[in-house]
Amino acid sequence: MREEILHIMPTRLRGSMESCFCAQSDIEEIRIRVGQAPELRCADKSIWLPFQVTAADVDEMLTFISHYSIYAYEEEIRQGYLTIEGGNRIGFAGQVRMEDGQVLRMTNICFLNIRIAGERKGCAKELLPFLYEGDEFLNTLIVSKPGTGKTTFLRDCVRMLSEGEAKREGKKVCIIDERSEIAACHLGIPQNDVGRRTDVLDGCPKQAGMRMALRSMSPEIIAVDELGGRQDAEAVKEMILCGCKVLGTMHGEKMEHIVQSAEMEKMYQSKLFERYVFLRKNETGRREFQVYDWECRRLC
């Protein structure tokens, strides 16, 4: 993972960045802002490099990120993010040009957020028993604020569900990986360990992907990241009514956040999800979870 990150850094910053990687193993984000020092965000602190980022540094990074053809990646940049090899995700911010109420393109990019992908095998081991009733996996929604680790937990759940355990057979899982963050596919091949019974639809929109997977891959469980909105809710309901289990994530912090949109409230009132998992970081940066059933009773 470090090599892919260093490869896109401005040449003059690579030495300092490599030293930080060697000294600090828990770097989660790298924030690049023109006119400011680079910020390396760890689990419980930030490290600031003694440099000031210039517009030329960002231009050099964009050249490396796009493999010397920025126009080939205009669509991804217009959407505000790009996933590179290894599953690392780069967010962009700058001047946005609109046309007919839609984002036409992004120019004068001055801010980058590099979210470093990391497999943490076993991080969801204590969670998984709460997601079963006997041998039956329960429809589960993992909820947290951005940057808290819900995708990491989702990935580890998928891996363990796919591999199976001593007391349970592995399940056929299909990941709908719209942003290439879960499996981190490169040329269609997962770079992350998502289990031997797992299939991946990479770069596919969630709604279309769930329906494609149901028709073509006969999954027992569909895993999908960052649900939200009417179309996502309709697709999830369709999968569950067809007998397929769903393991999903969404942004939020409390149960009240789930029912703020009419679509998610309908899902909650319909009892489509049988388990709600809330992730958070404590004061030391360690991730903790709470589990509730469909009646909002706290189980853990």
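The structure contained in this document is the topic of the report that follows. (Residues numbered from 1 in each chain as written. Predicted model: local features only at pLDDT ≥ 70, side-chain atom pairs only at ≥ 80, totals over all residues. Heavy atoms only, no water.)

## Overview of the layout of surface pockets
Convention followed: Using protein atoms alone on a 1 Å grid, points that fit a 1.4 Å probe yet trap it form a cavity, whereas open point sets bounded by protein on both sides within 12 Å along at least five of seven lines form a pocket; residues with an atom within 4 Å of a point count as lining. Grid points are joined across faces, edges and corners, and a volume is the space filled by probe spheres set on the points. A run of DSSP states H or I qualifies as a helix once it reaches four residues; a run of E qualifies as a strand once it reaches two. Both are numbered from the N-terminal end. Under the scheme applied here, ten amino acids are nonpolar (Ala, Val, Leu, Ile, Met, Phe, Trp, Tyr, Cys and Pro), four are charged (Asp, Glu, Lys and Arg), and all others, including Gly, are polar.
Approximately 910 Å³ is the volume attributed to the largest pocket. When contributions to the lining of the largest pocket are tallied by element, the ones reaching two or more residues are strand E1 (29–33), helix H5 (150–163), strand E16 (275–281) and strand E17 (287–293). It is E17 that contributes the most residues to the lining of the largest pocket, five residues altogether. Residues belonging to the lining of the largest pocket are distributed by class as follows: eleven nonpolar, nine polar and 21 charged. Considering only enclosed or pocket space, the second largest pocket measures out at about 670 Å³ in volume.

## Here we look at the pairing of E1
Put simply, the test is: Between any two strands, at least two bridges found by DSSP are needed for them to pair.
Examined bridge by bridge, E1 and strand E2 (residues 39–41) share three bridges and lie antiparallel to one another. Bridge assignment links Glu-29 to a residue of E2, and that residue is Arg-41. Linking E1 back to E2 in an antiparallel pair, the connection comprises five residues, with Gly-35 at a positive phi of about 90°.

## Comments concerning the environment of Arg-230
If you trace the backbone, Arg-230 turns up in helix H7 (residues 230–241). In sequence terms Arg-230 and Glu-263 are 33 residues apart; their C-alpha atoms lie 5.4 Å from each other.

## Brief notes about the packing of helix H6 (residues 206–216) against H7
What counts, and what does not: Here the axes come from fitting lines to C-alpha atoms, over the contacting stretch only for helices, and the angles between their N-to-C directions go from 0 to 180 degrees. By the definition adopted for this analysis, an angle is roughly parallel if under 35 degrees, roughly antiparallel if over 145, roughly perpendicular if from 65 to 115, and oblique otherwise. Put simply, a crossing is left-handed when the front helix is turned counterclockwise from the back one by less than a right angle, and right-handed when it is turned clockwise. A contact between two residues is defined here by any heavy atoms of the two lying within 4.5 Å.
Interhelical geometry of H6 versus H7 gives an angle of 15° and a closest axis separation of 9 Å. Classified by the angle their axes make, H6 and H7 are roughly parallel. The way H6 lies across H7 gives a crossing that is left-handed. Packed against H6, whose contacting residues are Lys-206, Gln-207, Met-210, Arg-211 and Leu-214, the element H7 presents Gln-231, Asp-232, Glu-234, Ala-235, Val-236, Glu-238 and Met-239 at the interface. Of the residues belonging to the contact of H6 with H7, the class tally is five nonpolar, two polar and five charged.

## Regarding the pattern of salt bridges
To keep things clear, this is the line we draw: By salt bridge we mean one thing: a side-chain nitrogen of Lys or Arg within 4 Å of a carboxyl oxygen of Asp or Glu. Burial here depends on accessible area, computed with a 1.4 Å probe over protein chains only, as a share of the maximum for the residue type. Under 20% is buried, over 50% is exposed, and the range in between is partly exposed.
Throughout the structure, instances matching the rule amount to 23 salt bridges. Taking the shortest distance from any N to any O, the salt bridge between Arg-89 and Glu-181 comes out at 2.8 Å. Of this pair, Arg-89 sits in strand E5 (residues 89–99) while Glu-181 sits in the loop between strand E10 (173–177) and strand E11 (185–186), and the two are 92 residues apart along the sequence. One exposure class covers both Arg-89 and Glu-181, and it is buried.

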